[in-house]
Amino acid sequence: MTSVAVIRAQIKGRWPGVLSAYRRDAPETFPTGVSIIDQQMRGIPQSELTQVCMPAGTSSGKTTVLVSLMMQCTRREHFCALVDASDCFDPASMEAAGVDLARLLWVRCGERCGEKKRKLRPLEQAFKAADILVQTGGFGLIAVDLSNIEERYIRKVPLTTWFRFARVVEKMPTALVFLTTYPAAQSCAGLTLHMADAEPCWAGASQPSHAQSLAELKFEVEVGRSRLRKPVQSVRPKFTAAPVWA
């Protein structure tokens, strides 16, 4: 009987390198401006699909992270695109937070957009728009906000759709970020962040009043999946910014 060593030698002789272990280089990243994420994960990876998940109907800090990420990207003169599935984006607030709107493409979805009712549902509009943006290229960051879409609809998105997005973006210097209530992309995602339990810390009057301002926001972040390192336990970072959104 031919030994394993002989078989391996024969294979290597005919197909050099076929048995070599494949090592994928660590991707470039975009800093989020949130210290705990940047320290633990070096930011949001380029050329990969990232999913940021949070429970529906709760304050999780996901908008704060999104705003900060866009601010960091536009400051570095990258173009960004936001696919807004629920048409809830506030340009004035984004600009006040430091996002360069001249470098941001806002794609509005939803039945209320435009004079006539659209034929596609908001979720279908969002995926169609994201597909066009990824195929077109030229963006450092493409964020798709599905956080207000019911989980039962997101669960119906086939895994092949997420796989196709991941395969297309891996050839581009683009960070593709989906905000959802459920980690639907599963293993297709290069990074999965779970966020929950945002707690605002107010400055000013001791009692709620118009004189108060939001000094910082505490929220939990748990890394559910990462190609860079093993998942870490949940942490409670402090992120200070003004203004801040939950």
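You'll find the structure just up there.
Counting restarts for each chain, with residues numbered from 1 along the sequence as it is written. Where local features are concerned, this predicted model is filtered to residues with pLDDT of at least 70; where side-chain atom pairs are given and counted, the filter is 80 or more; whole-chain, interface and lining totals use all residues. The basis for every side-chain value is the complete set of heavy atoms in the structure, and neither hydrogens nor water enter the calculation.

Asks: Honestly, the pattern of salt bridges in this entry has me stumped. Any pointers?
Replies: Between side chains of opposite charge, a pair can form as their charged atoms come close. For this document, the term salt bridge refers to a Lys or Arg side-chain nitrogen within 4 Å of an Asp or Glu carboxyl oxygen. Evaluated as defined, the whole model comprises six salt bridges. Arginine 152 serves as the salt-bridge partner of glutamate 150, at 2.6 Å between the closest nitrogen and oxygen. The partner of glutamate 151 in a salt bridge is arginine 155, and the shortest N-O contact between them spans 2.7 Å. Each residue is placed in one exposure class: buried if its accessible area under a 1.4 Å probe, protein chains only, is under 20% of its type's maximum, exposed if it is over 50%, and partly exposed if it falls in between. Judged by relative accessible area, glutamate 151 falls into the partly exposed class, the value being 30%.

Asks: Can you help me understand the packing of aromatic side chains in this one?
Replies: For any two aromatic rings, the description comes down to two numbers: the centre-to-centre distance and the angle of the planes. In this scheme Phe, Tyr and Trp rings, the latter by its six-membered ring, pair at centre separations within 6.5 Å, and the angle between planes marks the pair as stacked below 30 degrees, edge-to-face above 60, and tilted otherwise. For the coordinates displayed, the defined rule picks out six aromatic pairs. Relative to tryptophan 162, the ring of phenylalanine 127 lies with its centre 5.4 Å away and its plane at 75 degrees, an arrangement referred to as edge-to-face. With a gap of 35 residues between them, phenylalanine 127 in helix 5 (residues 122-136) and tryptophan 162 in helix 7 (residues 159-169) connect regions that are remote in the sequence. For the pair formed by phenylalanine 127 and tryptophan 162, the shared burial category is buried. Three or more aromatic residues joined by ring pairs make a cluster, and in this case those are Phe127, Trp162, Phe165 and Phe178. A ring is scored as having a charge over it whenever the NZ atom of a lysine or the CZ atom of an arginine sits within 6 Å of its centre and within 35 degrees of its normal. Seen from the ring of phenylalanine 165, arginine 164 lies directly overhead, with NZ or CZ sitting 5.5 Å from the centre. Working definition: helices are DSSP H or I runs of at least four residues, strands are E runs of at least two. Numbering for both runs from the N terminus.

Asks: I'm lost on helix 7 in this one. Help?
Replies: Note: α-helices contain 3.6 residues per turn, so residues at a spacing of three or four share the same orientation. For helix 7, the full list of buried residues reads Thr161, Trp162, Phe165, Ala166 and Val169. Along helix 7, the residues classed as buried sweep out an arc of 135 degrees about the axis, all on the same side. If you follow the buried residues of helix 7, they end up packed against strand 3 (48-53), helix 5, helix 6 (151-154) and strand 7 (175-180). Here, the arc refers to the directions that run from the helix axis to the C-beta atoms. Residues count as neighbours in contact if any of their non-hydrogen atoms are within 4.5 Å of one another.

Asks: Hey, could you run me through the nonpolar core in this one?
Replies: Nonpolar side chains in soluble globular proteins generally cluster together in the buried interior. If you look at the biggest cluster of nonpolar residues, it comprises 32 residues, and the most contacted ones within it are Leu49, Val144, Leu146, Trp162, Leu176 and Phe178. Counting residues per element, the ones that place at least two in this core are strand 4 (80-84), helix 5, strand 6 (141-145), helix 7 and strand 7. At seven residues, helix 5 tops the list of elements feeding residues into this core. With sequence-adjacent residues up to four places away left out, leucine 176 is seen in contact with Glu48, Leu49, Thr50, Val134, Ile142, Val144, Phe165 and Val169. The definition of a nonpolar core used throughout is a set of buried Ala, Val, Leu, Ile, Met, Phe, Trp, Tyr and Cys residues joined through side-chain atoms within 4.5 Å. Among the nonpolar cores identified, the runner-up in size contains 31 residues, and Phe30, Phe89, Leu191 and Met195 belong to it.

Asks: Sorry if this is basic, but what is going on with the layout of surface pockets here?
Replies: Where empty space is left in the structure can be found by rolling a water-sized probe over the atoms. Only protein atoms enter the 1 Å grid, on which a cavity is a set of points fitting a 1.4 Å probe that cannot get out and a pocket is an open set with protein on both sides within 12 Å along at least 5 of 7 lines, lining residues being those with an atom within 4 Å of a point. Grid points are joined across faces, edges and corners, and a volume is the space filled by probe spheres set on the points. Of the pockets and cavities examined, the largest pocket occupies roughly 440 Å³. Of all the secondary structure elements, the ones that give two or more residues to the lining of the largest pocket are helix 5 and helix 7. Among the elements that line the lining of the largest pocket, the one with the most residues is helix 5, at six residues. Amino acids outside the nonpolar list (Ala, Val, Leu, Ile, Met, Phe, Trp, Tyr, Cys, Pro) and the charged list (Asp, Glu, Lys, Arg) are all regarded as polar, and Gly is one of them. Class assignment for the residues of the lining of the largest pocket results in seven nonpolar, two polar and seven charged.

Asks: I tried to follow unusual backbone geometry on my own but got confused; where do I start?
Replies: One can expect most non-glycine residues to show negative phi and most peptide bonds to be in trans. Phi at serine 47 takes a positive value of approximately 60 degrees, unusual for a residue other than glycine. Along the chain, the position of serine 47 falls in the loop between strand 2 (44-45) and strand 3. Accessibility expressed as a relative area gives 19% for serine 47, which makes it buried.

Asks: What should I look at first to understand the pairing of strand 5 (residues 104-108) in this one?
Replies: On a regular strand, one side chain projects to one face of the sheet and the next to the other, so that they alternate. In this description, strands pair whenever DSSP reports at least two bridges between them. Of the pairings in the sheet, the one linking strand 4 to strand 5 comprises five bridges and is parallel in character. Its bridge partner lying in strand 5, leucine 82 is registered against tryptophan 106. Handedness of the crossover joining strand 4 and strand 5 through helix 4 (residues 91-96) is recorded here as right-handed. Note on handedness: a clockwise path from strand one over the helix to strand two, with the strands aimed away from the viewer, defines a right-handed crossover.

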